[in-house]
Every structure is written in structure tokens, then in C-alpha cells.
Amino acid sequence: MATEQELSDFLKSVEKRAFKRTIYHVRNEDAALDIVQDSMMKLAEHYGDKPLGELPMLFQRILSNSTLDWFRRQKTRNAVFSNMSDFEPADGDGEFDLLEAFAGADDSQQIESAEDSTRRAQILREIELQIQELPTRQREAFLMRYWEEMDVAETAAAMGCSEGSVKTHCSRAVQALAKALRAKGITP
């Protein structure tokens, strides 16, 4: 079992290397510092009672997982994806993707005009802004369900709530987004 002093000495010895490694991956000093600090705290909290010889491998695994988690969070934060049945055409089959509706040319060889391209980019940006405006739990449920493509049970487990709550959060998010986009004159 590692003593507190041994744990402290170990963390001091890996701090600079871990920071350099992480900044190389994420290319953001603040994020790298946060990731390394979080990893050190997780090691101390969950594995501080392990033998000193096991700490280097445990820390590397925690640091790698924390870095991957950061990339996942960035992907979710930058999400512009939604799947809103309120925008589905009347003859739809239940599988409708709002971004595909605004994505431009499909299988045809159409060339998009600069005006259309700009309009589409503005619409996608507006969708992204509206997603960011959702209350935290609604946004979280919405992104897990429709961006991460998690099912209701997985989303409920990840959020620590019931499946019914997930459905409610998603429904409210879809309604709020549809209303906000319609108010801005955005229709498919």
C-alpha cells in the first residue's frame, strides 16, 4: 500500500510529463491542465490504497480515459445534430433527420449556390445555438438520445434518472427547439 507521501511523490514525478502528453493530444493548455488534475484526483480517490508499483499503469489508464472523455464532451458540445419529429414531413416514415433536410444535394449532382450554402450554414448555426439554450437536463438527454444515439435505458442510466424522465426531457427539448426554430422562420 502506498503511503500518502509516496502517492504525493509519484504525482509530482509524473505531473510535467502527463501535462506535456495531454497538451500534445488536446492542443489546449487549460483543457490539458484540467484533464491532468482530474486524473490525479481520480487516482488519489479511487486507487490511493494500491501498491506503489501499480500506480504508474493505473495513472496512465486514467489519463488516457480522461483525455478520451474530453474529446467526447467536445464532440457533444459542438453538436449540431438533431432528430426532431416535429419537422418531419406528413408522409414521413418516422425516421427524419433535420440536418439531412438542410444538408443540400443528396444523390443528385446538383451544385449548391453560394447563397444556398450560406443559408444552410446559418440555419445549422441557429440550430446549434438553440440546442445550447436548452435547459441542462433537456440538452443532456437530447444529445445523448439523438447525437450519441443512446437508447432510453442507456440515457437514463447515464443521467441517473428514470426512463420516463428521459422521455419527458427529450420531448420538451424537441418541442422547445421546434418552437424556437419556427419563430426564427426556419422550416424544413
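Everything numeric here is computed off the predicted structure, so don't read it as measured data.

Here we look at the overall build of the protein chain
The helix and strand tally for the protein chain stands at 8 helices and 0 strands. Each helix (α) and strand (β) of the protein chain, taken in turn from the N terminus, gives the series α-α-α-α-α-α-α-α. A burial count over the protein chain gives 32% of its 188 residues as buried. Nonlocal contacts in the protein chain, meaning residues at least 24 apart in sequence, comprise 61% of its contacts between residues at least 6 apart. In the structure as shown, the protein chain presents an accessible area of about 12,100 Å², 48% of it carried by carbon and sulfur atoms.

Examining unusual backbone geometry
Positive phi outside glycine occurs at Arg27, with the angle close to 55 degrees. Here Arg27 shows up in the loop between α1 (4-26) and α2 (29-47).

Regarding a negative patch on the surface
On the surface, a cluster of negative charge is contributed by Glu29, Asp30, Asp34 and Asp38. Mapped onto the fold, Asp30 is located in helix α2. Taking relative accessible area as the criterion, Asp30 reaches 58% and is therefore assigned exposed.

Notes on the packing of helix α6 (residues 136-146) against helix α8 (residues 163-183)
Running from N to C, α6 and α8 point in directions that differ by 95 degrees, and their axes come no closer than 8 Å. In terms of orientation, α6 and α8 fall into the roughly perpendicular class. Residue-level contacts link Arg137, Gln138, Ala141, Phe142, Arg145 and Tyr146 of α6 to Val166, His169, Cys170, Arg172, Ala173, Val174 and Leu177 of α8. Per-class residue counts for the contact of α6 with α8 are 8 nonpolar, 2 polar and 3 charged.

Let's talk about the pattern of salt bridges
Enumeration over the complete set of coordinates arrives at 4 salt bridges. For Lys184, the salt bridge is made with Glu126, and the minimal N-O distance between the two is 3.7 Å. Here Lys184, found in the segment after α8, pairs with Glu126, found in helix α5 (residues 114-133); they are 58 residues apart in sequence, far enough to count as distant. Owing to a relative accessible area of 51%, Lys184 belongs among the exposed residues under this scheme. Here Glu140 makes a salt bridge to Arg137, at a shortest N to O gap of 3.3 Å. Taken together, the residues Glu140 and Arg137, both in helix α6 and 3 residues apart, mark about one turn of the helix.

Topic: the confidence of the model for the protein chain
Put simply, the protein chain has an average pLDDT of 81, and 80% of its residues get 70 or more. Element-level pLDDT for the protein chain is lowest in helix α4 (residues 98-102), with a mean of 55, against a maximum mean of 94 in α2. Across residues 80-86 the pLDDT falls below 50, and counting only partners more than four positions away or on other chains, this stretch makes 31 contacts in the model. Long-range and interchain partners of residues 104-109, a stretch whose pLDDT sits below 50, account for 3 contacts in this model, where long-range means more than four residues apart.

Calculation criteria
- Residues numbered from 1 in each chain as written.
- Predicted model: local features only at pLDDT ≥ 70, side-chain atom pairs only at ≥ 80, totals over all residues.
- Heavy atoms only, no water.
- Helix = DSSP H or I, 4+ residues; strand = E, 2+ residues; numbered from the N terminus.
- Buried < 20%, exposed > 50% of the residue type's maximum accessible area, 1.4 Å probe, protein only.
- Contact = heavy atoms within 4.5 Å.
- Areas by Shrake-Rupley, 256 points an atom, 1.4 Å probe, with all protein chains shown as cover.
- Patch = residues over 30% accessible without salt bridge, like charges linked within 9 Å, V, L, I, M, F, W, Y side chains within 5 Å.
- Salt bridge = Lys/Arg side-chain N within 4 Å of Asp/Glu carboxyl O.
- Lys, Arg positive; Asp, Glu negative; His and termini not counted.
- Charge placed at Lys NZ, Arg CZ, Asp CG, Glu CD.
- Axes fitted to C-alpha atoms, helices over the stretch in contact; angles between N-to-C directions.
- Parallel < 35°, antiparallel > 145°, perpendicular 65-115°, else oblique.
- Nonpolar A, V, L, I, M, F, W, Y, C, P; charged D, E, K, R; others polar.
- pLDDT = per-residue confidence, 0-100.

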